[in-house]
Amino acid sequence: MAKGVHRSHRALGAALVVAALASTATACSGASEPDRGAAGPAAGQQAPGQAPGQAAAGALHAYVERVRERRTARVVAAKKWGLAKPPLEAPAPPAAKPRITTRKGFETDGEGLPPVFTTVPTKQKVVFLTIDDGAEKDPELLRMMKELRIPYSAFLSDYVVKDDYGYFARMQKSQETGVSLHNHTLNHRYLPGLSYKQQKREICGMQDVIEKRFGKRPPLFRPPYGNYNEDTLRAAKSCGVEAVPLWAAEAFPDHMEWREWDRDLHPGDIVLTHFRGKGDWKGTMPDMIRRVMNVITSKGYAVAKLEDYV
Ligand SMILES: [Zn+2]
């Protein structure tokens, strides 16, 4: 009898581990960047005096719990911030970043220049959120994005950022995986109207500002208004820019604008929006995020971290 009970407990234990593994597999395949950052039970790690199986089961249990807690937190955050549905969790990014080439019709004559693109080549149902300029410095935005665990990248222009570098330094550290700060020039000029030397000052000057203020030279650069010529790309390359992401869709608090004829999202699309407030458009930053996230989620897309792919 006692033996039978013991055995059935063991069977139950095994069944639980199998169930936990199954749910971990689901969780892993649907895990967002922070979840993967937390990492599952590391192979070969084991507490002293514990059998390998026990250690693995314990770590696995803790991991499954963590994933559950994060999911619950996301549901709560979505409710708090007024989203129609919780944001979908991004799948694990590709082991190797895709090879990105310049979009057809966006080429210049120069060779070996950073690629200019609007969509990242991927089959995953993910899009990327990018926020430009930096005039509006709404602390609610940082709170909202952190609580919802939505990754995004900022493209900063010094003339609107320099009155409060601190806000963007807080942004940079406001998420577990960090928010990357990239280059959108010093003064937001129409670059094709400038000489090579002037463009170099606009682009490379901003590389220096970001490195000095935020500790890292950005690999990504976006020209103001999406306008550039061969000099722009040559200048950008000369000071460390590796890629020039433009955008496939633009988000506002009250509508979307689309580049493609089908007025829809596609896997890998880059979504542009701006740091703006009620003075500039019909709503706050959280209003805009609420709107664009409702569009993204209702179309079945998750927001992934651009720097995981580019
Ligand atoms: Zn801009």
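Parameters at a glance
- Residues numbered from 1 in each chain as written.
- Predicted model: local features only at pLDDT ≥ 70, side-chain atom pairs only at ≥ 80, totals over all residues.
- Heavy atoms only, no water.
- Donors = N, O, S within 2.8 Å, 3.2 Å for Na, K, Ca; no water.
- Buried < 20%, exposed > 50% of the residue type's maximum accessible area, 1.4 Å probe, protein only.
- Salt bridge = Lys/Arg side-chain N within 4 Å of Asp/Glu carboxyl O.
- Helix = DSSP H or I, 4+ residues; strand = E, 2+ residues; numbered from the N terminus.
- pLDDT = per-residue confidence, 0-100.
- Contact = heavy atoms within 4.5 Å.
- Expected span 1.5 Å × (residues − 1).
- Polar contact = N/O pair within 3.5 Å; in protein donor to acceptor, adjacent residues only side chain to side chain.
- Axes fitted to C-alpha atoms, helices over the stretch in contact; angles between N-to-C directions.
- Parallel < 35°, antiparallel > 145°, perpendicular 65-115°, else oblique.
- Nonpolar A, V, L, I, M, F, W, Y, C, P; charged D, E, K, R; others polar.
- Disulfide = S-S within 2.5 Å.
- Arc of directions from axis to C-beta.

Asker: Just to check I follow, could you spell out the coordination of the zinc ion for this structure?
Answerer: Expected angles at a metal are 109.5 degrees for tetrahedral coordination by four donors and either 90 or 180 degrees for octahedral coordination by six donors. Looking at the metal site, the zinc ion is ligated by D133 (OD), H184 (NE2) and H188 (NE2), spaced 2.0 to 2.2 Å from it. The sequence pattern describing where the donors of the zinc ion fall on their chain is D-x50-H-x3-H. Residue H188 is classed as buried on the basis of its relative accessible area, which comes to 13%.

Asker: Sorry if this is basic, but what is going on with the pattern of salt bridges here?
Answerer: Where charged atoms from two side chains of opposite charge come close, those side chains can pair. Taken as a whole and judged by the stated rule, the model has 16 salt bridges. Note that R103 and E260 form a salt bridge whose closest N and O atoms lie 2.9 Å from each other. Taken together, the positions of R103 in the loop between α3 (52-80) and β1 (116-117) and E260 in the loop between β7 (256-258) and β8 (270-274) put the pair 157 residues apart, joining distant regions of the chain. By relative accessible area, which is 26% here, R103 ends up partly exposed. For E260, a relative accessible area of 19% translates into the label buried. The salt bridge involving R276 is made with D133; its shortest N-O contact spans 3.9 Å. Of this pair, R276 sits in the loop between β8 and α9 (285-298) while D133 sits in strand β2 (residues 126-133), and the two are 143 residues apart along the sequence. Given the relative accessible area of 26%, R276 is considered partly exposed. Under the relative-accessibility criterion, D133 is labelled buried at 9%.

Asker: How do you make sense of the confidence of the model for the protein when you look at a structure like this?
Answerer: Low-pLDDT portions of the prediction should not be read for the details of their coordinates. Looking at the protein, pLDDT values average 86 and 84% of them are 70 or higher. Within the model, the stretch residues 1-46 combines pLDDT values under 50 with 50 contacts to residues more than four positions away or in other chains.

Asker: Whenever I open this one, helix α7 (residues 196-214) confuses me. Can you help?
Answerer: Every α-helix winds through 3.6 residues per turn, so residues three or four apart in the chain are directed the same way. Between its terminal C-alpha atoms α7 stretches 26 Å, which fits the 27 Å expected from 19 residues at 1.5 Å a residue. Residues of α7 that are buried include every one of Q199, E202, I203, C204, G205, M206, Q207, V209, I210 and F214, and no others. At the C-terminal side of α7, G215 shows a positive phi close to 85°.

Asker: Before we go on, may I ask you to explain the environment of Q124 in this structure?
Answerer: You can see Q124 is positioned in the loop between β1 and β2. Taking relative accessible area as the criterion, Q124 reaches 23% and is therefore assigned partly exposed. Residues Q124 and P267, 143 residues apart in the sequence, show an inter-C-alpha distance of 5.9 Å. Excluding residues that lie within four positions of it along the chain, Q124 makes contacts with P91, A92, P93, P94, P267, G268 and Y309. At 2.3 Å, the side chain of Q124 and the side chain of Y309 are in polar contact.

Asker: Could you clarify how one ought to interpret the packing of helix α6 (residues 165-172) against α7 in this entry?
Answerer: How two helices sit against one another is set out by the angle between their axes and by the gap between those axes. Where α6 meets α7, the axes come as close as 10 Å, and the angle between the chain directions of the two elements is 70°. In terms of orientation, α6 lies roughly perpendicular with respect to α7. Across the interface between the two elements, Y165, F168, A169 and Q172 from α6 touch V209, R213 and F214 from α7. Split into classes, the residues belonging to the contact of α6 with α7 amount to five nonpolar, one polar and one charged.

Asker: What am I meant to see in the environment of G226 here?
Answerer: Mapped onto the elements, G226 comes out in the loop between α7 and α8 (230-238). Between the C-alpha atoms of G226 and L246, which are 20 residues apart in sequence, the distance is 6.3 Å. Beyond its immediate sequence surroundings of up to four residues, G226 is in contact with L246 and W247.

Asker: How should the state of the cysteines be read in this particular structure?
Answerer: By definition, a disulfide links the sulfur atoms of two cysteines through a covalent bond. Under the definition given, this model contains one disulfide. There is a disulfide in this structure between C204 and C239, and the S-S distance comes to 2.1 Å. Taking the torsion about the S-S bond as the criterion, the C204 to C239 disulfide, at about -80°, is left-handed. Here C204, found in helix α7, pairs with C239, found in the loop between α8 and β5 (244-245); they are 35 residues apart in sequence, far enough to count as distant.

Asker: What exactly am I supposed to notice about unusual backbone geometry here?
Answerer: Most of the time, phi is negative for any residue but glycine, and the peptide bond is trans. In this model, R149 sits at a positive phi of 55°, which is unusual for a non-glycine residue. Structurally, R149 can be placed in the loop between α4 (139-148) and β3 (153-156). The phi dihedral of Y225 falls on the positive side, at around 60°, and the residue is not glycine. Position of Y225 relative to the elements: it lies in the loop between α7 and α8.

Asker: Before we go on, may I ask you to explain α4 in this structure?
Answerer: Every buried residue of α4 is accounted for by L141, L142, M144, M145 and L148. The arc that holds the buried residues of α4, viewed along the axis, is 165°, so those residues lie on one side. With a side-chain oxygen positioned 2.8 Å from the backbone nitrogen of E140, the residue opening α4 is D138. The first or second residue beyond α4 is R149, which carries a positive phi of 55°.

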